[in-house]
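Chain by chain, the residues run as shown.
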Amino acid sequence: MATTFYLVRHAAHGLLGRVLTGRMPEVHLAESGRLQAQELARHFKAQGIDGVQSSPRERAEETARPIADEARVACELDDALDEIDFGEWTGRSFEELEVDPRWQLWNAQRSAACAPGGESMAAVQDRLIGHLRRTHAAKPGARLVLVSHGDVIKAAILHILGMTVDAFAAFEISPAGISTVVLGQGGGATVLSLNERIAR
């Protein structure tokens, strides 16, 4: 039986677009993000879901909990959904990063770059795809919401579409955006929708 995964980027936080938050602690949703989370919760209650999984980052859990509460299902934290480990770039402003040649390489050729002291895009892709496969094997037929982070979701979708991680800029994953992926028998995967935005 096929397993349906709703890959949701966490809702908006106050440092969005200004700071590479990565795995910084205490990054919480902004008021606009809390409203987005409530809209997501109403949407998924109407859809009917069997469970919610979340990255351990506060902004992801604060997006996931209302969804789980509204649908009356469990919310599980899983490190496989965690943000990219950006190493020494964590917490730096994008303005600062723009003059770092390593950052320029990261944004030009993800397949050849790695965050200093952190993860490569390929490693991120491996951990999320592995998680989807394991979850499908354990919960065939389930409909699950997975709350994660923009580039993490991109990495999984690029793999399913047969594209390299260098194509990371080919599409956007917005805060509170929903991308639907189905894993079927034999491990085949299909992207049903990309960056659906029901919460503004």
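For the structure itself, look to the data block above.
None of these values were measured; they are calculated from a predicted model.

Calculation notes
Residues numbered from 1 in each chain as written. Predicted model: local features only at pLDDT ≥ 70, side-chain atom pairs only at ≥ 80, totals over all residues. Heavy atoms only, no water. Phe/Tyr/Trp six-rings, centres within 6.5 Å; stacked < 30°, edge-to-face > 60°. Helix = DSSP H or I, 4+ residues; strand = E, 2+ residues; numbered from the N terminus. Buried < 20%, exposed > 50% of the residue type's maximum accessible area, 1.4 Å probe, protein only. Polar contact = N/O pair within 3.5 Å; in protein donor to acceptor, adjacent residues only side chain to side chain. Contact = heavy atoms within 4.5 Å.

**Student:** It is not clear to me how the packing of aromatic side chains should be interpreted in this structure. Could you clarify?
**Tutor:** Any aromatic ring pair is given by two values, namely how distant the centres are and how the planes are angled relative to each other. For the structure on display, the rule yields five aromatic pairs. Measuring from ring centre to ring centre gives 6.1 Å for Trp 89 and Trp 106, while their planes differ by 70°; the resulting arrangement is edge-to-face. Of this pair, Trp 89 sits in the loop between strand E3 (75-77) and helix H3 (94-97) while Trp 106 is found in helix H4 (residues 101-108), placing the two residues 17 residues apart along the sequence. By relative accessible area, Trp 89 is classed as buried at 0%. With relative accessibility at 0%, the residue Trp 106 sits in the buried group. Through pairs of rings, three or more aromatic residues link up here, namely Phe 86, Trp 89, Phe 94, Trp 103 and Trp 106.

**Student:** When you look at the side chain of Thr 3 in this model, what are you seeing that I'm missing?
**Tutor:** Inspection of the secondary structure assignment puts Thr 3 in strand E1 (residues 3-9). Here His 136 takes part through its side chain, which lies 2.8 Å from a polar atom of the side chain of Thr 3. In contact with Thr 3, other than residues within four places in its own chain, are His 136, Lys 139, Pro 140, Gly 141, Ala 142, Leu 144, Val 181, Val 182 and Leu 183.

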